[in-house]
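# Geometric and topological summary
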Amino acid sequence: MYGFKTLIYEKKDAIAYATLNRPNALNIYNIQMRDDLYQVLCAIKDDPDILVVIFKGAGEKAFCAGADLSEFLTAPPPTEARRIRWQRDVWGLFLSIPQPLIAVVHGYVLGSGIEIALCCDIRIASEDAQFGLPEIGLGIIPAAGATQTLPRTIGRARALDMLLTNRRIDAEEACRIGLVNKVVQREKLLETAEGLAKKIASYNPVAVRNAKQAVMRGLELPLAEGLDLEKRLALEVQLVANQTK
Ligand code: COA
């Protein structure tokens, strides 16, 4: 187990766990969490022994209630913010992680909370989860990817409904519109994610990574180029399998 100020990072066999750990403040995302997350994501990316990662939130009330508004209100000037962002593109790093990432979300999943979940590949929610993007009500727009990752996940109209109306949706609706893959009872949340993680980890790791890569990169490409990419990645899986025979 590796302790950071705002995150707990653990490894059990081939599965890693990253827990947002500011339970008294609903796991809100601050500059310290950004720095901790950056380190954890670098560690995950560079660790060939980790085959699947589970992201979760500590405490009873929230996965993450968004950005820390106390820090936001004392935000650095835009040039400084841009410099920090350039040096630490945590969201770009998140989306470039080769291993499958599973978000298990409960309670409040707001603002950056949704954005962290959207950087993951599979989302499992407990029945009490509530999702929303409060940014528009604060006179800002999301800046951790939601304007891009949300429409790619649930489609333009549904994404704009969430982005423009500040409407909160419950777990059942989130599942219906494809924001989460599955809703389970709160007490079954981690067990369900671990079952899934173990299943994925039991498969050929090269096939798993290449399947993720084909989807992630392919979504940004015209179909013909995506099919070429798939061909190359499928061949690579085959070649690695032949080499290890
Ligand atoms: N920024 C800073 N502090 C926050 C916060 C945020 N985004 N969200 C919650 N907190 C703090 C609260 O101030 C409170 O601190 P305190 O115990 O020192 O008073 C603590 O977290 C618990 O929150 P509280 O409001 O008491 O819980 P609640 O169950 O009554 O309400 C929410 C929960 C999520 C509805 C409410 O906290 C809220 O609306 N938060 C803001 C959400 C938001 O706008 N996030 C997006 C920012 S882009």
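Since this is a predicted model, take the numbers as computed values, not measurements.

## Some thoughts on the overall build of the protein chain
- Secondary structure assignment for the protein chain yields eleven helices and eleven strands.
- At 18 Å, the protein chain has a C-alpha radius of gyration in line with the 18 Å of a compact globule built from 245 residues.
- With the principal axes as the frame, the protein chain shows a C-alpha extent of 55 × 40 × 40 Å.
- Here the contacts in the protein chain between residues at least 6 apart in sequence split such that 69% fall between residues at least 24 apart.
- For the protein chain, the accessible area works out to roughly 12900 Å², and carbon and sulfur atoms hold 56% of it.
- Where the 30 positive side-chain charges of the protein chain centre and where its 29 negative ones centre are 2 Å apart.

## Some words on the pattern of salt bridges
- Per the stated rule, a full pass over the model turns up eleven salt bridges.
- We note a salt bridge from Glu60 to Arg186, for which the minimum N-O separation is 3.6 Å. Pair noted here: Glu60 is in the loop between β4 (52-57) and β5 (62-64) and Arg186 is in the loop between β11 (182-184) and α9 (189-201), with a separation of 126 residues, a long-range link.
- Accessibility expressed as a relative area gives 61% for Glu60, which makes it exposed.
- A salt bridge links Glu220 to Arg152, with the nearest nitrogen and oxygen atoms 3.3 Å apart. With Glu220 in the loop between α10 (205-218) and α11 (223-243) and Arg152 in helix α6 (residues 146-154), the pair connects residues that are 68 residues apart, well separated along the chain.
- Taken together, the salt bridges that share partners define one network made up of Glu60, Asp128 and Arg186.

## Quick notes on the site of the ligand
- As a structural note, the neighbourhood of the ligand is formed by 15 residues, with Ile28, Lys61, Ala65, Ala67 and Leu69 the closest of them.
- Within the backbone of Ala67, an N or O atom sits 2.8 Å from a nitrogen atom of the ligand.

## Quick notes on the nonpolar core
- Counting 48 residues, the largest nonpolar core has Leu41, Phe55, Phe94, Phe131, Leu150, Met162 and Leu179 as its most contacted members.
- The contacts of Leu41, once residues within four sequence positions are left out, are Phe55, Val90, Leu93, Phe94 and Ile97.
- Among the nonpolar cores identified, the runner-up in size contains 17 residues, and Ile54, Ile124, Val184 and Ala193 belong to it.

## Description of the side chain of Asn30
- In this fold, Asn30 is placed in the loop between β3 (15-20) and α1 (31-45).
- Taking relative accessible area as the criterion, Asn30 reaches 9% and is therefore assigned buried.

## Some details on α9
- Taking 1.5 Å per residue, 13 residues should reach 18 Å; α9 reaches 18 Å between its end C-alpha atoms and fits that length.
- The complete set of buried residues in α9 reads Leu189, Ala193, Glu194, Ala197, Ile200 and Ala201. Looking down the long axis of α9, one finds its buried residues gathered within 125 degrees of arc, a one-sided arrangement. Exposed side chains of α9 directed beyond 90 degrees from the buried face belong to Glu191 and Lys198.

## Remarks on the sheet that holds strand β7 (residues 108-110)
- Ordered by their spatial adjacency, four strands build an open sheet running β5-β7-β9-β10, and the pairing between neighbours is mixed. Edge positions in the open sheet fall to β5 and β10 (169-170), since each of these has one partner strand only.
- As paired strands, β7 and strand β9 (residues 130-132) are joined by three bridges and run parallel to one another. Note that in β9 the partner of Leu110 across the bridge is Gly132.

## Quick word on the packing of aromatic side chains
- Enumeration according to the criterion identifies three aromatic pairs in this entry.
- Pairing Tyr29 with Trp91 gives two aromatic rings, centres 5.2 Å apart and planes at 45 degrees, and the pair type is tilted. Residue Tyr29 is located in the loop between β3 and α1, and its partner Trp91 is located in helix α4 (residues 90-95); the two are separated by 62 residues in the primary sequence. As far as burial versus exposure is concerned, Tyr29 and Trp91 are alike and both buried.
- By way of ring pairs, the aromatic residues Tyr29, Phe55, Trp91 and Phe94 are connected into one cluster.
- Directly above the ring of Tyr17 sits Lys12, whose terminal nitrogen or CZ lies 4.9 Å from the centroid.

## Here's the deal with the sheet that holds β4
- Spatial strand order, β1-β2-β3-β4-β6-β8-β11: seven strands in an open sheet with mixed pairing. Of all the strands in the sheet, just β1 (2-3) and β11 have a single pairing partner and so form its edges.
- Note: strand β6 (residues 101-105) against strand β8 (residues 122-126), four bridges, orientation parallel. The partner of Ala103 across the bridge, within β8, is Arg123.
- Set on the sheet, α1 makes contact with β2 (7-12), β3 and β4; between it and β2 the angle comes to about 15 degrees.

Rules and cut-offs
Going along each chain's sequence as written, the residues are numbered from 1 onward. In keeping with the predicted nature of the model, local features appear solely for residues at pLDDT of at least 70, side-chain atom pairs appear and are counted solely at 80 or more, and the whole-chain, interface and lining totals rest on all residues. Side-chain metrics rest on all non-hydrogen atoms present in the structure, leaving aside hydrogens and water. We count a stretch as a helix when DSSP gives it H or I for four or more residues in a row; a strand needs E for two or more, and each element gets its number in order from the N terminus. A radius of gyration in this sense is built from C-alpha atoms; the matching globule rule multiplies 2.2 Å by the number of residues raised to 0.38. Residues are treated as being in contact if the distance between any of their heavy atoms lies within 4.5 Å. Only the protein chains shown count as cover for residues, and all accessible areas are computed by the Shrake-Rupley method using a 1.4 Å probe. In this count, Lys and Arg are taken as positive residues and Asp and Glu as negative ones, while His and the chain termini are left out. Throughout, a charge is located at the NZ atom of Lys, the CZ atom of Arg, the CG atom of Asp or the CD atom of Glu. Only one rule defines a salt bridge in this text: a Lys or Arg side-chain nitrogen within 4 Å of an Asp or Glu carboxyl oxygen. Categorising residues by exposure relies on relative accessible area from a 1.4 Å probe, with only protein chains included: less than 20% of the type maximum marks a residue as buried, more than 50% marks it as exposed, and the intermediate range marks it as partly exposed. Here a residue is near a molecule or strand as soon as one of its heavy atoms is found within 4 Å of it. The term polar contact refers here to a pair of N or O atoms within 3.5 Å; inside protein, the definition further demands a hydrogen-donor-capable atom paired with an acceptor-capable atom, and it admits residues adjacent in sequence only when both atoms are side-chain atoms. We define a nonpolar core as any set of buried Ala, Val, Leu, Ile, Met, Phe, Trp, Tyr and Cys residues linked to one another through side-chain atoms lying within 4.5 Å. Expected helix span is given by 1.5 Å per residue-to-residue step, counting one fewer step than there are residues. Arc definition: it is the arc formed by the directions from the helix axis to the C-beta atoms. Only strands that DSSP links by at least two bridges are regarded as paired with each other. Stacked, tilted and edge-to-face pairs are distinguished by plane angle, under 30 degrees for stacked and over 60 for edge-to-face with tilted covering the rest, among Phe, Tyr and Trp rings (Trp via its six-membered ring) whose centres lie within 6.5 Å. In our convention, an over-ring charge means Lys NZ or Arg CZ found within 6 Å of a ring centre and within 35 degrees of that ring's normal. A fitted line through C-alpha atoms serves as each axis, taken over the contacting stretch for helices, and the angle formed by two N-to-C directions is quoted from 0 to 180°.

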